[in-house]
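Read off the chains here:
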Amino acid sequence: MDNIYEIKNLSVHYGAFQALDNIEMTILKNKVTALIGPSGCGKSTFLRCLNRMNDLIDNAVVTGDIRFKDDTKDIAKVNPIELRKKVGMVFQKPNPFPMSIYENVAYGPKRQGEKDKKKLDEIVIRSLKQAALYDEVKDDLKKPALSLSGGQQQRLCIARALALEPEVLLMDEPTSALDPIATQRIEDLIAELKKHYTIIIVTHSMQQAARISDYTAFFYMGELREFDTTNRIFTNPSLKQTEDYVTGRFG
Amino acid sequence: MNKRRFKDSTFNVMTFISIISVTFLLGMIFWFVFSQGIGLLNFRLLTSDNQAVNYVGAFSSDNYPEFMDPSLESDVHFIERYGIGIAERRDLAGNTVIEFVYVDPDSPFTDIALLNGGSLSVTSGMTLNRVAFIERPAAQRSQGIMNMVSALSDEGNTIRELSFTRPGGGIRASLVSTLYLIGLTLVIVLPFGIMSGLYFSEFAKNNRLTRITRNFIEMLSGIPSIVFGLIGLSVLIPFTVRTTPATGGNLIAGALTLSAILLPIVIRTTEEGFNNVPRPYREASLALGANRTQTSLFIVIPGALSSILTTTFLAIGRIIGESAALIFVLGTAVRDRVGVFDRSPSLAVHIWALMTREPPNIELASTIAVIILIVVLILNLSIKLLVRLLHRGRY
């Protein structure tokens, strides 16, 4: 099986605060990896290291080595724009731009210099179909994205990320702002998307992690405590702490 | 419990008192300006020159036909002998004058030989100042219209000399130069101000240099505009005289002075507008492989569009209202030639000029104030409309 990320000695500091401590992890291609752990344990920080979004935080210092695919270089030495084209991201709160649905999905390709109207149309329709949103919005792609419901907005954000044909999708608690039915649809979508994409998802819901992921990583106080197949983590974890967390006895 | 109720009601009464007094004050200002100024407000004021031109001459020939009364308004006196209708009217500045209301195409008044050579055809709208007769006393404007009518109608009188005025008092030049100033200043101040605001919001690192620069800019916005006027007079006028065809005070120097006054305000308000664009939009844009410049261009600036337009509107208000700084740069002599390399005062300076005359012309000044109010209102509404149009399809 292929590795998509190989992470060694990854530490992150925000000023004096150490958010991540010496993480070692290998993430496999075309699998869903769930990151779980109590609030403030560093799982979102870890996720944001994978497409270098921590660069945007003024006092964040990232050390260590992250290899993306077969790259011989640490991703810190790669152009972040090239990296982010291959690693899409979906945020906690749906954040479509205040533009039309079409413009939202076409945003990424357009910024990469795609001007051909026909190609853009194709990309928009393909991405919306992949995100299982096309049937609901096909009548009016010029509609403002902010007029959609929360669940639709989140699927639009997924479509927007897919428009760049990334290899990895990073999802930071994508369903925490959604109702159960919208959550269900996103989970179905993840199951569908994992055939073509590697998905790394941060979640606070144990059930969600158990339902959708192949591998689960348990973070605690900035450390990676346990990383194994989801089955193992939820049925027979090697640490007592992990068991306590997944069974809801703390956190 | 009672104490709290007392506190709450005191507070509420205070807010009511404030809003009532503010509304009353604003109403009073409007009422004063309108009641004073509405009398002189008409379209001719906006399109006429300020400078009056006087002519002195006599009829070129004594042959003219009989004239028919064209049935004019009741206050117009038709003089059958010469085929003209004259009436007592108020000119643009509010003075009583004798105005030509009707001139027959065959009237001798259409062919006047001027004293200094050349000829003149009297048209309606011109005013009659004085008519001198051969061996008879002259009729003056100041003696009133009835005297003038009877002197002109008297068959025994022969006209020796006539004196006319093409009336002035219009504010066309001031209006046009105000519009020029608005255009020029916005062209200078908006690109620089918006780009600087964008720099502070998106690109500046939060270090000591940035903080000092920001404080410095904030300080600039507290400087009285008359100080900027001094800078305009001593620095910007010499600069523009050296680099442009201008020979003295000019509208470009005026626009530069106004830009200096406005820059700090534009930078601060646009920066705030950019800061208010939600951070998740920026993150989403960057996560989609856009760089910072693209994010600024396609997300941050469109997101702050309404605040940019509000800033523009505030700037226009300042430009229209500024007088202290412009008195130095544009002078107060109202002129009729307008050009970017010429000097002619803006409407606000025009008001200042009218009020420093002896006696001050409050009425015309109020009329100009009404015009300023109307211009501001039109610009305000059009900007609101523009914002609505630009936001269509976004929300």
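Residues numbered from 1 in each chain as written. Chains lettered and ligands numbered in written order. Predicted model: local features only at pLDDT ≥ 70, side-chain atom pairs only at ≥ 80, totals over all residues. Heavy atoms only, no water.

Novice: Quick question: what am I supposed to make of the overall build of chain B here?
Specialist: Of the regular secondary structure elements, chain B holds 13 helices and nine strands. Looking at chain B residue by residue over its 395 residues, the buried ones come to 44%. Long-range pairs, those at least 24 residues apart, make up 69% of the contacts in chain B between residues at least 6 apart in sequence. Charge centroids of chain B, computed over 32 positive and 28 negative side chains, lie 23 Å from each other. (Helix = DSSP H or I, 4+ residues; strand = E, 2+ residues; numbered from the N terminus. Buried < 20%, exposed > 50% of the residue type's maximum accessible area, 1.4 Å probe, protein only. Contact = heavy atoms within 4.5 Å. Lys, Arg positive; Asp, Glu negative; His and termini not counted. Charge placed at Lys NZ, Arg CZ, Asp CG, Glu CD.)

Novice: What am I meant to see in the overall build of chain A here?
Specialist: From N to C terminus, chain A includes ten helices and nine strands. Here the C-alpha atoms of chain A give a radius of gyration of 18 Å, agreeing with the 18 Å that 2.2 N^0.38 yields for 251 residues. When the backbone C-alpha atoms are referred to their principal axes, chain A occupies close to 55 × 40 × 35 Å. A total of 251 residues make up chain A; the buried ones form 53% of that total. Expressed as a percentage of contacts within chain A between residues at least 6 apart in sequence, the contacts between residues at least 24 apart total 68%. (Rg over C-alpha atoms; globule rule 2.2 N^0.38 Å.)

Novice: Got a minute to help me understand the side chain of Ser259(B) in this structure?
Specialist: Its place among the elements puts Ser259(B) in helix α7 (residues 251–275). Contacts of Ser259(B), omitting those with residues within four sequence positions, involve Thr185(B), Ile188(B) and Val189(B).

Novice: Honestly, the interface of chain A and chain B in this entry has me stumped. Any pointers?
Specialist: In many reports, interface size means the accessible area that the parts give up when they come together. The interface is formed by 25 residues belonging to chain A together with 19 residues belonging to chain B. Around 2,100 Å² of area is buried between chain A and chain B when both sides are counted, 63% of it from carbon and sulfur atoms. Remark: the boundary between chain A and chain B carries one salt bridge. Across the salt bridge formed by Arg48(A) and Glu283(B), the nearest N and O atoms sit 3.1 Å from each other. If you look at where chain A meets chain B, you find five residue pairs in polar contact (both at pLDDT 80 or more). The set of elements that each furnish at least two residues to the side of chain A that touches chain B consists of α2 (80–86), β5 (87–90), α3 (101–111) and α6 (150–162) of chain A. (Buried area = accessible area lost by both parts, 1.4 Å probe. Salt bridge = Lys/Arg side-chain N within 4 Å of Asp/Glu carboxyl O. Polar contact = N/O pair within 3.5 Å; in protein donor to acceptor, adjacent residues only side chain to side chain.)

Novice: Sorry if this is basic, but what is going on with the pattern of salt bridges here?
Specialist: Close approach of charged atoms allows side chains of opposite charge to pair. Residues and elements named next belong to chain B. One pass over the full model with this rule turns up 32 salt bridges over all chains. Aspartate 342 serves as the salt-bridge partner of arginine 337, at 3.1 Å between the closest nitrogen and oxygen. On the basis of relative accessibility, which here comes to 22%, the residue aspartate 342 falls in the partly exposed class.

Novice: Before we go on, may I ask you to explain the sheet that holds strand β4 (residues 60–68) of chain A in this structure?
Specialist: Residues and elements named next belong to chain A. The antiparallel open sheet is built from three strands, whose spatial order is β2-β1-β4. What marks the edges here is a single partner per strand, and that holds for β2 (17–28) and β4. In this sheet, adjacent strand axes meet at a mean angle of 5° when their direction is disregarded. In the sheet, strand β1 (residues 3–14) pairs with β2 via eight bridges, with the strands oriented antiparallel. The partner of valine 12 across the bridge, within β2, is leucine 20. (Pairing = 2+ DSSP bridges. Axes fitted to C-alpha atoms, helices over the stretch in contact; angles between N-to-C directions.)

Novice: Help me understand a nonpolar patch on the surface in this model?
Specialist: Residue and element names in this part refer to chain B. Taken together, the side chains of Phe16, Ile19, Ile20, Val22, Leu25, Leu26, Ile29, Phe30, Phe34, Ile38 and Leu373 present a nonpolar region at the surface, about 1,000 Å² in accessible area. In terms of residue count, the dominant contributor to the nonpolar patch is helix α1 (residues 2–37) (nine residues). Inspection of the secondary structure assignment puts isoleucine 38 in the loop between α1 and α2 (43–47). (Patch = residues over 30% accessible without salt bridge, like charges linked within 9 Å, V, L, I, M, F, W, Y side chains within 5 Å. Areas by Shrake-Rupley, 256 points an atom, 1.4 Å probe, with all protein chains shown as cover.)

Novice: Just to check I follow, could you spell out the sheet that holds strand β9 (residues 223–229) of chain A for this structure?
Specialist: Pairing between sheet strands relies on hydrogen bonds along the backbone, with the strands arranged either parallel or antiparallel. Residue and element names in this part refer to chain A. Pairing is mixed across the open sheet formed by six strands, whose spatial order is β5-β6-β7-β3-β8-β9. The open sheet has two free edges, formed respectively by β5 and β9, since each of these has just one partner strand. Recorded for the sheet is a direction-independent mean angle of 15° between the axes of neighbouring strands. As paired elements, strand β6 (residues 168–172) and strand β7 (residues 198–202) share five bridges and run parallel to each other. When the sheet's bridge partners are listed, leucine 169 is paired in β7 with isoleucine 199. Each of β3 (32–36), β6 and β7 touches helix α7 (residues 180–193); the most contacted strand, β7, lies at about 150° to it.

Novice: What is the right way to look at the confidence of the model for chain B in this model?
Specialist: When pLDDT is low, close inspection of the predicted coordinates is not appropriate. All names here are of chain B. For chain B, mean pLDDT is 88; residues scoring 70 or higher make up 99% of the total. Within chain B, the element-level pLDDT minimum falls on α2, averaging 81, and the maximum on α7, averaging 94. For this predicted complex, the interface confidence reaches an ipTM of 0.90, while the overall pTM sits at 0.80. (pLDDT = per-residue confidence, 0-100.)

Novice: Even after reading the chapter, I still don't get the pairing of β6(A), so can you show me in this structure?
Specialist: All names here are of chain A. β6 sits mainly inside the fold: five of its five residues count as buried. Burial along β6 is two-sided: Val168, Leu170 and Asp172 and Leu169 and Met171, pointing in opposite directions, are all buried. Two strands pair when backbone bridges link them, and β5 and β6 are joined in this way by four bridges, in the parallel orientation. When the bridges of β6 are listed, methionine 89 appears paired with leucine 170. Traced from β6 through α7 to β7, the parallel crossover comes out right-handed. (Right-handed = clockwise from strand over helix to strand, strands pointing away.)

Novice: Quick question: what am I supposed to make of α6(A) here?
Specialist: In an α-helix, one turn spans 3.6 residues; hence positions three or four apart end up facing the same way. The terminal C-alpha atoms of α6(A) lie 18 Å apart, and with 13 residues this matches the ideal 18 Å at 1.5 Å per residue to within 8%. Where burial is concerned, most of α6(A) is hidden: twelve out of the 13 residues are buried. (Expected span 1.5 Å × (residues − 1).)

Novice: Just checking my understanding: could you explain unusual backbone geometry for this structure?
Specialist: Most peptide bonds take the trans form, and the phi angle of most residues other than glycine is negative. All names here are of chain A. Positive phi, normally seen in glycine, also occurs at asparagine 22, with a value near 55°. One can find asparagine 22 in strand β2. A residue is classified by how much of its surface remains accessible, and asparagine 22, at 46% relative accessible area, is partly exposed. In this structure, glutamate 165 takes a positive phi of about 50° despite not being glycine. Secondary-structure assignment places glutamate 165 in the loop between α6 and β6. On the accessibility criterion, glutamate 165 (55% relative accessible area) is exposed.

Novice: Quick question: what am I supposed to make of the packing of aromatic side chains here?
Specialist: Centre distance and the angle of the planes are the two values used to describe a pair of aromatic rings. For the structure on display, the rule yields 16 aromatic pairs over all chains. When the ring of Phe218(A) is compared with that of Tyr245(A), the centres are 5.1 Å apart and the planes differ by 35°; the resulting orientation is tilted. Of this pair, Phe218(A) sits in strand β8 (residues 215–220) while Tyr245(A) sits in helix α10 (residues 240–246), placing them 27 residues apart in sequence. You can call Phe218(A) buried: its relative accessible area is 0%. Judged by centre distance (6.2 Å) and plane angle (75°), the rings of Phe109(B) and Phe164(B) are edge-to-face. In this pair, Phe109(B) is assigned in the loop between β4 (96–103) and β5 (112–114) and Phe164(B) in strand β9 (residues 159–166), connecting sequence segments 55 residues apart. Aromatic ring contacts, followed pair by pair, group Phe59(B), Tyr82(B), Phe100(B), Phe109(B) and Phe164(B) into a single cluster. Its guanidinium or amino end placed over the ring of Phe97(A), Arg160(A) lies 4.4 Å from that ring's centre, counting from NZ or CZ. (Phe/Tyr/Trp six-rings, centres within 6.5 Å; stacked < 30°, edge-to-face > 60°. Lys NZ or Arg CZ within 6 Å of the ring centre and 35° of its normal.)

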